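# Summary of the model geometry
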Amino acid sequence: MACTVSSSSSSREISWNCSFLSTNSLPTRSCKPSSLSWVSSFPSVALSFTDKSLSLPPIQLNRNSFIQAAWTRRSRSELAKRPNKKSWKQRTDMYMRPFLLNIFFSKRFIHAKVMHRGTSKVISVATTNAKELRHNLPSLTDNNACQVVGKLIAERSKEADVYALAYEPRKNERIEGKLGIILDTIKENGIIFV
C-alpha cells in the first residue's frame, strides 16, 4: 500500500512519500520529508490512498440515535409527550418513608393498618371489628374507639420495630375529628410521623 501526503502553503511546500512494506505480517514504514518547516505543517492536508480495501462507507448521523443524558433539561413539549413520567419525589418517596398508615372509617367500624410500601406487607393492624374490642367497647365508632385503635396501632408497630410512620391524607381530607384523634393518640404513644 502506498500513501502520499501533499500540503501547500504560500511560503513553502512539503510533500511526503510513504511506502508500507509488509514483511512477515509486520508493517514497516519509511517516510522521508522533502522539506521541513514549522509553517508548512499547518495548512490543509490532502490524503490519498491507493489501496481501496481500507475505504469506509460515509457515516450518517441520526439525531435520534444519540442517548440524551439524564440531566438534560426537557422542553415542555417533551413533557407533554410523556405525561406518565413520575417526579423525583414520587420515585423516591417509597424508600424515604417506607411505612404508610392507612385508616378507614366505615359506618360500623374503624380500621387502621401500617403497610410497608416496597413489599406491600402489613406490619400491624387494629380494628374495632376484632373480637377482643367488639364485645368490650360500648361504641365501635366514637372518640373512645378512635383512641383505643390509635394506641393498639402504636403498640403493635413498636413490637415490629417501626417507630416512624407516614400518613398521606386523601384528596379533600382534613386531619380533624376522629382522624385527628387517632393520629394524636399514635403520636402520644411514641410514634413519629415523617
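These numbers come from a predicted model, not from an experiment. Numbering of residues begins from 1 in every chain and follows the order in which that chain's sequence is written. Since the coordinates come from a predicted model, pLDDT governs what is reported: local features require at least 70, and pairs of side-chain atoms require 80 or more to be given and counted, while whole-chain, interface and lining totals use all residues. The basis for every side-chain value is the complete set of heavy atoms in the structure, and neither hydrogens nor water enter the calculation.

Quick look at the pattern of salt bridges now. Definition used for salt bridges: Asp or Glu carboxyl oxygen within 4 Å of a side-chain nitrogen of Lys or Arg. This structure, assessed with the given rule, holds 7 salt bridges. A salt bridge links Asp93 to Arg117; the shortest N-O distance between them is 2.9 Å. Of the two residues, Asp93 sits in helix α2 (residues 88-96) while Arg117 sits in the loop between β6 (110-116) and β7 (122-127), which places them 24 residues apart along the sequence. For the residue pair Asp93 and Arg117, the accessibility class agrees, reading buried in each case. The shortest N-O distance in the salt bridge between Arg170 and Glu173 comes to 3.7 Å. With a 1.4 Å probe rolled over the protein chains alone, any residue whose accessible area is under 20% of its type maximum counts as buried; one over 50% counts as exposed, and the rest are partly exposed. Given a relative accessible area of 25%, Glu173 falls into the partly exposed group. Through salt bridges that share partners, Asp93, Arg97, Arg117 and Glu168 make up one connected network. In this description a helix means any DSSP run of H or I spanning at least four residues, a strand means any run of E spanning at least two, and both kinds are numbered starting from the N terminus.

The next subject is unusual backbone geometry. Of note in this structure, Ser120 is not a glycine but carries a positive phi near 60 degrees. Looking at where Ser120 falls in the secondary structure, it is placed in the loop between β6 and β7. In this model, Asp161 sits at a positive phi of 60 degrees, which is unusual for a non-glycine residue. Locating Asp161 in the fold gives a position in the loop between α4 (143-159) and β8 (164-165).

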